[in-house]
Amino acid sequence: MKVLVLVKQTFDTEAKIELKDGKISDAGINMIINPYDEVAVEEGIRLKEKGIATEVVVVSAGADKAIEAIRTALAMGADRGVLVQQDVAADEFARAKALAKVISEQAPSLVLAGHVAADDGSSQVPTRIAEILGWPHINVATTLEIADGKATCNCEADGGSQVIEVALPAVISTQVSLNEPRYPSMKGIMQAKKKPVDTVAAEAVESKTKIVEFSLPAAKAAGKKVTGEPADLAKEIANFIKNEAKIEIKK
Amino acid sequence: MIFGFEPLEVYDIPMRVVGANVPYEWLIYILMFIPLGIFAFGLYKRIRVWLLANGRINRIDKLGSRIVSLLVYSLGQAKVIKKPLAGWMHFFLFWGFFVLFIAAQIDAMHFWLHWPKLEGGLYIGFSWVVDVLGFLAMIGILVLAFIRYVQKPDRLSDTKSSDGWIIALIFVILFSGFLIEGLRIAAQIKLATRLDEIVYEAKASPFGWLFAYLFAGMSLDGALMWHRILWWFHMALAFGFIALVPFTKLWHIITSMFNYFVRDLEASACRMVYNIEEAESFGVERIEDFTWKDIIDLDACIRCGRCQENCPAYLTGKHLNPKLTLIQAMKAHWDAKAPYLLAAKDAGHAEGHAEMAMTAEAEEAKPVMEQHLIYDVVTSDVVWDCTNCRACMEHCPMFIEHIPKIIEMRRNLVMWQGDMPGEAQMAFTNMERNYNPWGVGFSNRAGWLQERGVRDMVNLLPEDGGDFEYLLYAGCAVAFDDRYKRVGEALIKVANKAGIKFGYLGTEEYCCGDSARRLGNEYLFQTLANSNIESFNNYGVKKIVAVCPHCYNCVKNEYPQLGGQYEVYHYTEFLAKLLAEGKIKMSRSLGAKLTYHDSCFLGRHNNVYDEPRTVIKATGCNLIEVERGREFGFCCGAGGGRMWLEEHAVEGYKRINDTRTDQLLEPNPEMVITNCPFCLTMINDGVKGVESEAQVLDVAELVWRAMQ
Amino acid sequence: MAGTWIFVEQRNGNIRKVTFEMLSEAQKWGDEVSAVVFGKGVAGLAPELAKYGAAKVYVADADVFAQYNTGAFVAQLAAMIAEYKPNAVLFAHTFNGRDLAARISQKLELGLATDCIAAEISAGKGVFTRSIYAGKALAKVEVAGDPVMATIRAGVFEVVEKAGAGEVVNVAVAATAADVYQNVKEFIPTVSARPELTEADVVCSGGRGCKGPEGIALVEQLADLMGGAVGGSRAAIDSGWLGHEYQVGQTGKVVNPTLYVAAGISGAIQHLAGMSSSKYIVAINTDEEAPIFGVSDVGAVGDLFKVIPALIDELKK
């Protein structure tokens, strides 16, 4: 069984976001594999280690430097990579189209991807790909089992969790609790240098959406320290939880 | 004379004839080749085994220093005597045996060359020294036996029957020597016409003289006969002793000399991995991949247990016991494996077991050859337990290098097996991405200056430009740990009052890499270190003041391996210097009762014990020394990268930091003073845990208080 | 044209508040606002939806909709969009909402803005504000399409009551069992089980200041009130008040919820490293100097044994 894992190269999650010429600046930013995708890579490698998968292919759409993300995945233990060269401004529709084309060429039995990207947080691409390919999908999986041509996952759902089974081929998006991704060893890094990475140009597809403006949120008000009677403190906190953090209270 | 023997006589002048009264005495000069041959054979075998080690290390540079080391630590027993009772007893034993051995050589020389002539005063002096030292050696072995079998300290918990046999052998050799001497003197007394003729022996052999009383009632013939019998008995045992050296714990006599000569003479640093980009494997996975020094270490371990009784991991119930679960476990594995490696080598297989797989011998070798050094022999728990506190290496009388072995195995686990605790993985990722182990965004590394109100007191590079004499290498804790930011602030304020404006790299300062290196991630260490060295060189840095002892050790002792040579001070050394130069003045005497915790990386790793104490005392505080202080300082539990790993308390024991906290709070101090951010965190945690009122402060904070 | 559709989030007939939020906000754009509800026996929900301005309530009632499944919902919604041609369809950014929205928008080859915190729809074009980089930046996204589609984050819009006609439109059921490709074998509702620490939206943690299991019990009550997870600092774990899996910090779990409540935690760097990226932080501690106040948005200097019970009462109001 061939497993294909989608990875996105994103900013380090601690990176300071700054605007330059109206766009998000990537100067001095360390790039990483989207942490949710890292879990997907780990799961693919574990499937191979369990003897379920025979090959783990890593595919990333993005700028040329996204090859670093592929190399990291290869160092973790994936077998080969495909870089789909695409403008990073392409929207979810265009990205899903480009990736789906590569997936149909690679013809895997299972596609794994993080359920959301740490940068745009849109959580659309895996589901869109499933639709393009006409495959079933499961989102936000916290466990994964493969048997008899079927995938079974525990996944998060509104108001609880559910156990879903789908026939392969399928697309499964992963939650971070699925596993703990490994740290690539030097052995892995050395081997990764010899693993093949193909580069293909993305299918030319128009984006359906357009970002018209980037901005930075108003600076968070400096934290305030309150003293006084417990009842007053409670009022202050309750007000903050309801109106600022906007948390739903279960009565 | 060849066929007969020289009779025992009473001589005109103080002297004695070696071998008098012993028929065929000359035979020993032939028989001695038997034990010498066995010894040489054993030596040859052990050295061949040592040469199986694949690792490379240069330990034959600096010949002068090495010869001095050999003399100081063997003849001077300088390390051995650090443990007073057992140490001095060993000192006697060593010198007794050594002198007796020399005396035997002089006797032999006289037999062949009839020189030197030991007569008169020279004889008395010579004999006295041998007699007295021989007796002290006998006392020594008895006390050592007492310690082992009556006191039974935990450090000797692995006593074997062979330990007892060796003790017995040594005692019997010494005791029989005195019996022979006593019999000879008793016979001479009987031969003498007047006691005056022989009374010089009371001076020359005071203890032999006492032994002679034992035989006062014996007939002359009886004494002469027993003298002959015991003489041969004594010689047989002595020869046995020589023959046994390479095959028993007596082997330490030889390995100690090797180790005193080839010990690590450099400042405390992890071993460098050169050309890491081209390396084809990392760390040590098979025991034969260690260096010959590491392999000799296994033979050198005399199982005295000084490492064990100072090891914070062992003392808190962890798997690591530097003697048993590290060195002795490796030795047993090596002794089992080496014969097969040797056979493979002799058969011309350079690679050993791969080709051996076909032979019957290989079948037998399999269990040993397939045992995994890290997982089956030492175990990864042991490898990760170590805090690199250096107590084992400090107290080892054999200069065994425990930490480098641990680190080589960690290197293999991290860089080759990819097997490490999840927390280590997180620390590495954080260091890679944000250049600090906590993973706080690096862009705000200089933010603490503003936050603590000391922004104008430093030259922040590059924006402030300007000249500076000392670069402040503040480290990650000062930059990101809210508690430790105050220490950075205090130091800058003190320096400012002394008229010193530090340079500071801000976002161009990266983690020093100490934790990465000691957790086995050499590659990450070198990446971080090279970045720092580049920044230092870029700004023409010559002198560095480090706040954290881990940074200090790393920049001072390890950056030179990568070409970064600077004059590095720990801030306590720097403050002591300012104090000595009269540049800082205390405004008040704090008068607090306090205890001081020696951090391992400032103390044992760098021998900085006095400067912090001088500075503390200058604040007018009453410094109470704790029992485990200075060289015996007990780790806080955070060294060797353990700061980033969870320590699970073992049932029946406290955590390392809590154990240390108890020791520091024992004198009931108002304050506990540290010099390291890791120690401060760990001790603070411990103090809170026992709900003590004691304040945990760093030296810099104490000084700033006294200056206000 | 059928105006703006709000896809109703309901489970067992209970409508989630975010649905009303969307209904209320959509009134501002001038177009007719209707609700779309799929389920089994859900026709009775119309009056409740009408209270927040739903002009029509499209009801697809069938066994196949008894529980959410992507295939059947997509087939049904696609058929309805083709038939009624709404200008815009908004979903809640919940697990189901985002799953459905992504798949239907692809099926119709449309754009989609997800997890929006502000919206403006006019003349067949939507402009949505999304928070990106975990809230460190904002992006305004223009979605043109027929219909305009977006998912909306819960809690960002005000709920305003406004009577709507609430006319029930029973729509033909277009989905069949053949459209179901996900076999939902089991649904495990969250009853007492709290969410996983690393995934929870709200985390309430206790530290040394909790002094014992009683203190932790208070923290748990508070967490349950907000559907949050419970965590602890090392001191709480060490004292045995919570298991090791609940440790938040450098050597435990790293969390980044919307709200983090630290009760009786002083906030040593080892703990901060595990939670300081939380969006909002509330701290309760008796020690005014505690470093946790350096990162908290609201820091209450007080005894948690008095403040938390009062807070629970206050939140319940």
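On a predicted model such as this, the values are computed, not experimentally measured, just so you know.

## Observations regarding the interface of chain A and chain C
Move 1: Of the residues lining the interface, 81 residues belong to chain A; the matching set on chain C comes to 81 residues.
Move 2: Here chain A meets chain C over a buried area of about 7,000 Å², counting both sides, of which 56% is carbon and sulfur.
Move 3: Counting the contacts that link chain A with chain C gives four salt bridges.
Move 4: We note a salt bridge from E109(C) to K97(A), for which the minimum N-O separation is 3.0 Å.
Move 5: Taken together, the connections running from chain A to chain C amount to 40 residue pairs in polar contact (both at pLDDT 80 or more).
Move 6: With 12 residues, the top contributor of residues to the side of chain A that touches chain C is helix 6 (residues 230–244) of chain A.
Move 7: For the side of chain A that touches chain C, the class distribution of residues is 35 nonpolar, 22 polar and 24 charged.
Move 8: As judged from the six bridges shared by strand 12 (residues 160–167) of chain A and strand 12 (residues 183–189) of chain C, these two strands associate in the antiparallel manner. Across the sheet, the residue bridging to V163(A) is E186(C), located in strand 12 of chain C.

## Here's the deal with helix 5 (residues 213–225) of chain C
Residue and element names in this part refer to chain C.
Move 1: Counted at 1.5 Å a residue, the expected span for helix 5 with its 13 residues is 18 Å, and the 18 Å between its end C-alpha atoms agrees.
Move 2: Among the residues of helix 5, those classed as buried are G215, I216, L218, V219, L222, A223 and L225.
Move 3: If you follow the buried residues of helix 5, they end up packed against strand 13 (202–206), strand 14 (229–232), helix 6 (234–238), strand 15 (259–263) and helix 8 (304–316).
Move 4: G227 occupies a position one or two residues after helix 5 and carries a positive phi of about 65°.

## With respect to the domain arrangement of chain B
Move 1: On domain assignment, one finds that chain B holds domain 1 (25–31 + 62–261), domain 2 (276–417), domain 3 (430–580) and domain 4 (593–707).
Move 2: Placing a centre on the C-alpha atoms of domain 1 of chain B and another on those of domain 4 of chain B gives a separation of 47 Å.

## Some details on the interface of chain C and chain B
Move 1: Facing the 16 residues of chain C at the interface are 20 residues of chain B.
Move 2: Of the roughly 1,600 Å² buried where chain C meets chain B, counting both sides, 46% is carbon and sulfur surface.
Move 3: Run the count over chain C and chain B and you get one salt bridge.
Move 4: The salt bridge involving E646(B) is made with R234(C); its shortest N-O contact spans 3.3 Å.
Move 5: Those elements giving two or more residues to the side of chain C that touches chain B turn out to be helix 6 and helix 7 (269–275) of chain C.

## Regarding the sheet that holds strand 7 (residues 622–624) of chain B
Residues and elements named next belong to chain B.
Move 1: Pairing is parallel in the open sheet, where four strands are placed in the order 7-6-8-9. A single partner strand is all that each edge strand has here, and the edge strands are strand 7 and strand 9 (695–698). Each strand of the sheet is rotated relative to its neighbour by a mean of 35°, with strand direction disregarded.
Move 2: Sheet topology places strand 6 (residues 593–596) next to strand 8 (residues 671–674); three bridges connect them, and they run parallel. Within the sheet, the bridge partner assigned to L594 lies in strand 8 and is M671.
Move 3: Contacts from helix 30 (residues 677–689) reach strand 8 and strand 9 within the one sheet, and its direction differs from that of strand 9 by about 175°.

## Section: the side chain of E647(B)
All names here are of chain B.
Move 1: Here E647 lies in the loop between strand 7 and helix 29 (656–665).
Move 2: Look at E647 and you get buried, because its relative accessible area is 6%.
Move 3: Polar contacts involving the side chain of E647 include one to the side chain of K318, which spans 2.8 Å.
Move 4: Dropping the residues within four chain positions of it, E647 is found in contact with T316, K318, R642, R655, I656 and N657.

About the criteria used
Here the residue index of a chain counts from 1 through its sequence in written order. Ligands are numbered from 1 and chains lettered from A, in the order in which they are written. Residue-level local features of this predicted model are given only where pLDDT is at least 70; pairs of side-chain atoms are given and counted only at 80 or more, and the full residue set underlies all totals for whole chains, interfaces and linings. Excluded from the side-chain calculations are hydrogens and water; all other atoms, namely the structure's heavy atoms, are used. The contact definition used throughout considers only heavy atoms, calling two residues in contact when any of these lie within 4.5 Å. The term buried area denotes the loss of accessible surface (1.4 Å probe radius) that occurs when two parts are joined, taken as the sum for both partners. The term salt bridge refers to a pairing of a side-chain nitrogen on Lys or Arg with a carboxyl oxygen on Asp or Glu at a separation within 4 Å. Throughout this description, a polar contact denotes any pair of N or O atoms lying within 3.5 Å of each other; where both atoms belong to protein, one of them has to be capable of donating a hydrogen while the other can accept it, and for residues adjacent in sequence the pair is counted only when both atoms sit in side chains. Secondary structure is summarised from DSSP: a helix means a run of H or I of at least four residues, a strand means a run of E of at least two, and numbering begins at the N terminus for each. The residue classification treats Ala, Val, Leu, Ile, Met, Phe, Trp, Tyr, Cys and Pro as nonpolar and Asp, Glu, Lys and Arg as charged. All others, Gly included, are polar. Between any two strands, at least two bridges found by DSSP are needed for them to pair. Expected helix span is computed as 1.5 Å times (number of residues minus one). Residue exposure (1.4 Å probe, protein chains only): buried if accessible area is under 20% of the type maximum, exposed if over 50%, otherwise partly exposed. For the domains described, the bounds stem from an automatic or database domain assignment. Geometry is summarised by axes, namely lines fitted to C-alpha atoms with helices restricted to the contacting stretch, and by angles between N-to-C directions that run from 0 to 180 degrees.

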